[in-house]
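For reference, the chains in residue letters:
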Amino acid sequence: MEYKFSDKIANLKPSAVREILKSTSDPDVISFAAGNPAPEAFPVEDIRAITKKILDEEPILALQYGVTEGYGPLVDLLKHSIKERLGIGSENDALIVTSGATQVMELTTKVLCNEGDTVLVEDPSFIGSLNAFRSHGVKLTGVTLEPDGVNLEELEAALKADDRIRVFYTITNFQNPSGYTLSWEKRKAIYDLACKYDIIILEDNPYGDLRVAGEDIPAIKTLDTEGRVIYAGTFSKVIAPGIRVGYALGPKEILAKMTVGKQTEDVHNVMLSQLLVYHWLKEYDLKSHIARMQDIYRKKLNLMCDLIDSELGGYVEYVRPEGGLFVWCRLRDDLPMLEFCKKAVEKKVAVVPGTAFLADENGSTQFIRLNFSTPTDEEIVTGMKLLGEVAREMTGE
């Protein structure tokens, strides 16, 4: 029979990153396309010990239904930890546990936006969040992203021009895909604009603990005296993405509606995963684990960037990030981006075309995204040399 899909899903395209990853099932392909944490960064032995303890001592709690907001002791522990580490959260805020941070983007759109409303996004931005917004029939307006964050003049112009803007979405630290970090000056300016034009800020910080250089910058949420910032966090990069534990911290009234919205999606997060995170945070040394992760990523980031300089110097421009998982490279104009990506795959190296991350799905760009966390050091060396070969073959140099 002929199937008729809803308007919400009919025009929604699959994630370009996920489609590219299908090609990397070939064991001979070196993938710079993923966004996975380094396997050696996973606290596997900790997880094994905690899981055994839970199933030995609390099996029914781990296997039974839970409440939508999240396992109570975990919610309380997260509120305390976030307040202590990041200085955010007030008596007017609530916290719910979500299925990773992407569910925060989906729920925010679900409860705050009607079809035809507008979400402002950094351009480029994370494809998973863009698709979460698109799934609710909102209009996406991209604001040009600069190395220190969005162009503020362009941001205000967009706010003036469209009275249906409900949310501005930003990945503040080591942004995906760019690796850029939003400066403190721009964080303050963005909050002031949100107050002036009466919109909500959705602050996504999945990579904040992966800083390998420079100084931490306070969250926009630390400025939130009016209850207009929703802060999204996740344990996907700190513990493991497979456990699917994230959280939203924001105004109680909004979080209450997000809780109702979550009930119609998954009822509650997996209890075993929540218990795992709770015991890990309570019984293990988070600070030393993060320091170990930072050592791993510092080495891999510097290795890739040094090889970009030596193998692609003169062919690309980029800003060396201070953390995160990605390097955002602009190819020289005589290297057509999509052709470069195609020829890279022919040499068994996968990279992500920058068009995957644009607010305008029909837009064009000369950028590619490179991931340094997933490949081994040896794969980084080999892969970057092969990308250098692609550039030289395409230009005849």
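Scroll up for the structure.
Attention in this report is confined to the structure presented alongside it.

Reading the values: rules and limits
Residues numbered from 1 in each chain as written. Predicted model: local features only at pLDDT ≥ 70, side-chain atom pairs only at ≥ 80, totals over all residues. Heavy atoms only, no water. Helix = DSSP H or I, 4+ residues; strand = E, 2+ residues; numbered from the N terminus. Rg over C-alpha atoms; globule rule 2.2 N^0.38 Å. Buried < 20%, exposed > 50% of the residue type's maximum accessible area, 1.4 Å probe, protein only. Phe/Tyr/Trp six-rings, centres within 6.5 Å; stacked < 30°, edge-to-face > 60°. Pairing = 2+ DSSP bridges. Contact = heavy atoms within 4.5 Å. Axes fitted to C-alpha atoms, helices over the stretch in contact; angles between N-to-C directions. Parallel < 35°, antiparallel > 145°, perpendicular 65-115°, else oblique. Left-handed = near helix turned anticlockwise from the far one by under 90°. Nonpolar A, V, L, I, M, F, W, Y, C, P; charged D, E, K, R; others polar. Core = buried A, V, L, I, M, F, W, Y, C linked by side-chain atoms within 4.5 Å. Expected span 1.5 Å × (residues − 1). Polar contact = N/O pair within 3.5 Å; in protein donor to acceptor, adjacent residues only side chain to side chain. Patch = residues over 30% accessible without salt bridge, like charges linked within 9 Å, V, L, I, M, F, W, Y side chains within 5 Å. Areas by Shrake-Rupley, 256 points an atom, 1.4 Å probe, with all protein chains shown as cover. Salt bridge = Lys/Arg side-chain N within 4 Å of Asp/Glu carboxyl O.

So, the overall build of the protein chain
And then number 1: Summing up its helical and strand segments, the protein chain has 14 helices and 14 strands in all.
And then number 2: Expected size for 397 residues packed as a compact globule is a radius of gyration near 21 Å; at 21 Å, the protein chain falls within 12% of this value.
And then number 3: Counting only C-alpha atoms and orienting by the principal axes, one finds that the protein chain spans roughly 60 × 60 × 55 Å.
And then number 4: Looking at the protein chain as a whole, 53% of its 397 residues qualify as buried.

Focus on the packing of aromatic side chains
Aromatic ring pairs are defined here through the distance separating the ring centres and the angle between the ring planes.
And then number 1: By the definition in use, this model includes seven aromatic pairs.
And then number 2: Summarising the aromatic geometry, the rings of Phe133 and Tyr169 are spaced 5.3 Å apart at their centres and angled 75 degrees between planes, so their arrangement reads as edge-to-face. Placement of the pair is Phe133 in helix α7 (residues 127-134) and Tyr169 in strand β6 (residues 165-171), with a sequence separation of 36 residues.
And then number 3: What makes Phe133 buried here is its relative accessible area of 1%.
And then number 4: Looking at Tyr169, the relative accessible area reads 0%, which means it is buried.
And then number 5: Judged by centre distance (6.0 Å) and plane angle (85 degrees), the ring pair of Tyr207 and Phe326 falls under edge-to-face. Here Phe326 lies in strand β11 (residues 326-331) and Tyr207 lies in the loop between β7 (200-204) and β8 (229-234), a separation of 119 residues in the sequence. Both residues of the pair, Tyr207 and Phe326, belong to the buried class.

Some details on the sheet that holds strand β10 (residues 316-318)
And then number 1: If you walk across this open sheet you meet the four strands as β10-β11-β14-β13, and the pairing is antiparallel. With partners counted over all chains shown, the strands left at the sheet margins are β10 and β13 (352-353), one partner each.
And then number 2: Along the sheet, helix α12 (residues 286-311) makes contact with β10, β11 and β14 (367-371), crossing β11 at roughly 10 degrees.
And then number 3: Lying over the sheet, helix α13 (residues 337-346) contacts β11, β13 and β14, oriented at roughly 35 degrees with respect to β14.

So, the packing of helix α5 (residues 72-86) against helix α11 (residues 271-283)
And then number 1: One way to put it is that α5 packs onto α11 with a least axis distance of 9 Å and a crossing angle of 45 degrees. When the axis of α5 is compared with that of α11, the two are oblique. The interaxial crossing formed by α5 with α11 has left-handed handedness. Residues Pro73, Leu74, Leu77 and Leu78 of α5 pack against Gln274, Val277, Tyr278, Leu281 and Lys282 of α11.
And then number 2: Counted by class, the contact of α5 with α11 contains seven nonpolar, one polar and one charged residues.

A look at the nonpolar core
Soluble, globular proteins show a tendency: their nonpolar side chains are buried together.
And then number 1: Ranked by size, the top nonpolar core spans 68 residues in total, and within it Phe32, Leu370, Met384 and Leu387 carry the most contacts.
And then number 2: Within the second largest apolar cluster, 31 residues are counted, among which are Ile47, Tyr231, Leu249 and Val277.

Some words on α12
The α-helix advances 3.6 residues per turn, and as a result positions three or four apart in sequence lie on the same side.
And then number 1: For α12, which comprises 26 residues, the first-to-last C-alpha distance of 37 Å matches the rise-based estimate of 38 Å (1.5 Å per residue) to within 8%.
And then number 2: Where α12 begins, the capping side chain belongs to Asp285, and its oxygen is found 3.2 Å from the backbone nitrogen of Lys287.

As for a nonpolar patch on the surface
And then number 1: Taken together, the side chains of Met1, Tyr3, Phe5 and Ile9 present a nonpolar region at the surface, about 560 Å² in accessible area.
And then number 2: In this structure, Ile9 sits in helix α1 (residues 7-10).

Observations concerning unusual backbone geometry
And then number 1: Backbone torsion omega between Asp123 and Pro124 reads 15 degrees, so that peptide bond is classified as cis.
And then number 2: You can see Pro124 is positioned in the loop between β3 (118-123) and α7.
And then number 3: A cis amide bond links Asn176 to the next residue, Pro177, at an omega of 20 degrees.
And then number 4: Notably, Phe174 is not glycine yet its phi reads approximately 50 degrees, a positive angle.
And then number 5: Relative to the elements of secondary structure, Phe174 occurs in the loop between β6 and α9 (184-197).
And then number 6: For Phe174, a relative accessible area of 1% corresponds to the buried category.
And then number 7: Positive phi, close to 55 degrees, is recorded for Asp198, a residue that is not glycine.
And then number 8: Mapped onto the fold, Asp198 is located in the loop between α9 and β7.

Digging into the pattern of salt bridges
And then number 1: Per the stated rule, a full pass over the model turns up 28 salt bridges.
And then number 2: The closest approach of N and O atoms between Arg85 and Asp209, which form a salt bridge, is 2.6 Å. Within this pair, whereas Arg85 is found in helix α5, its partner Asp209 is found in the loop between β7 and β8, the two being separated by 124 residues in sequence.
And then number 3: Judged by relative accessible area, which is 24%, Asp209 ranks as partly exposed.
And then number 4: Across the pair Lys347 and Glu393 runs a salt bridge, and its minimum N-O distance is 3.2 Å. Here the residue Lys347 occupies a position in the loop between α13 and β12 (349-350), and Glu393 occupies one in helix α14 (residues 377-395), the gap between them amounting to 46 residues.
And then number 5: Residue class for Lys347 comes out partly exposed when judged on its relative accessible area of 23%.
And then number 6: Owing to a relative accessible area of 53%, Glu393 belongs among the exposed residues under this scheme.

Remarks on the pairing of strand β2 (residues 93-98)
And then number 1: Among the six residues in β2, six count as buried, and that is most of the element.
And then number 2: Summarising the sheet, β2 and strand β9 (residues 246-251) pair through six bridges and their orientation is antiparallel. When the sheet's bridge partners are listed, Val97 is paired in β9 with Tyr247.

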